[in-house]
Amino acid sequence: MEIVDVHVRFKLNKKVNDNILFNNEKHLHLKTNTGELISQPNQFMSSVINISTLKNTQETGMDSHLRQFTFLLKKTTAKELKNATLLIDAPVNRSGDSLGKDLEIEIDFHKGNS
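None of the values given here were measured: they were computed from a predicted structure.

## Comments concerning the environment of Asn-19
Checked against the element boundaries, Asn-19 lands in the loop between strand E1 (3-10) and strand E2 (20-21). Taking relative accessible area as the criterion, Asn-19 reaches 34% and is therefore assigned partly exposed. With 74 residues separating them along the chain, Asn-19 and Asn-93 place their C-alpha atoms 5.4 Å apart. When residues no more than four places from it in sequence are discounted, the contact partners of Asn-19 are Val-92, Asn-93 and Arg-94. Reaching out from Asn-19, the side chain makes a polar contact with the backbone nitrogen of Arg-94 at a distance of 3.2 Å.

Written out as structure tokens, the structure is:
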């Protein structure tokens, strides 16, 4: 099994209501340097992230939540990976309107390994 395991720290920067939708099944994707696009993390090997989890951070006074997401590679081997881009789609409201900006986080697998 070839995987990419990503650890991300999430926090809310303002109070939110229950009209916001955000979860790892629809909002997290990974694109590799080989062009493979993985539409969502593996649900059994990854942490759960959703608005209620993030709201709990605010209510308990925690600064943020560390979450781990495992993406299963189907067309790419770990040896072929040089870099990848973690794509995080902005949360949306119940009407599907975006509530922020999408994020693209570059991951370099060879940084500091020379």
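That was the structure; now back to the text.
## Some thoughts on the packing of aromatic side chains
For the coordinates displayed, the defined rule picks out two aromatic pairs. Through a chain of ring-to-ring contacts, three or more aromatic side chains come together here, namely Phe-10, Phe-22 and Phe-69.

## A word on the sheet that holds strand E8 (residues 103-108)
What holds strands together in a sheet is hydrogen bonding between their backbones, with the strands either parallel or antiparallel. Across the sheet, four strands lie side by side as E4-E3-E6-E8; this open sheet has antiparallel pairing. Among the strands making up the open sheet, the edge pair consists of strand E4 (37-38) and E8. The sheet contact formed by strand E3 (residues 28-32) and strand E6 (residues 83-88) spans five bridges and is antiparallel. Across the sheet, residue Leu-30 finds its bridge partner in E6, namely Leu-86.

## Structural notes on the environment of Ile-38
For Ile-38, the position within the fold is in strand E4. On the basis of relative accessibility, which here comes to 9%, the residue Ile-38 falls in the buried class. For the pair formed by Ile-38 and Leu-72, sequence separation is 34 residues and the distance between their alpha carbons is 7.6 Å. Sequence-distant contacts of Ile-38, that is, excluding residues within four places in its chain, are made with His-29, Leu-30, Phe-71, Leu-72 and Leu-73.

Parameters and conventions
- Going along each chain's sequence as written, the residues are numbered from 1 onward.
- Selection of residues for local features in this predicted model requires a pLDDT of at least 70, selection of side-chain atom pairs for listing and counting requires 80 or more, and totals for whole chains, interfaces and linings are taken over all residues.
- Heavy atoms throughout the structure, all of them, feed into the side-chain values; hydrogens and water do not.
- Going along the chain from the N terminus, every DSSP run of H or I of four or more residues is numbered as a helix, and every run of E of two or more is numbered as a strand.
- Burial status follows relative accessibility: with a 1.4 Å probe on protein chains alone, a residue under 20% of its type maximum counts as buried, one over 50% as exposed, and anything between as partly exposed.
- Should any heavy atoms of two residues lie within 4.5 Å, those residues are considered in contact.
- Distance and chemistry together define a polar contact, namely a pair of N or O atoms within 3.5 Å, with one atom able to donate a hydrogen and the other to accept it when in protein, and with adjacent residues in sequence counting only for side-chain atoms on both sides.
- Planes of paired rings set the category: under 30 degrees apart is stacked, over 60 is edge-to-face and the rest tilted, where pairs are Phe, Tyr or Trp rings (Trp by its six-membered ring) whose centres lie within 6.5 Å.
- Strands are labelled as partners when DSSP assigns at least two bridges between them.

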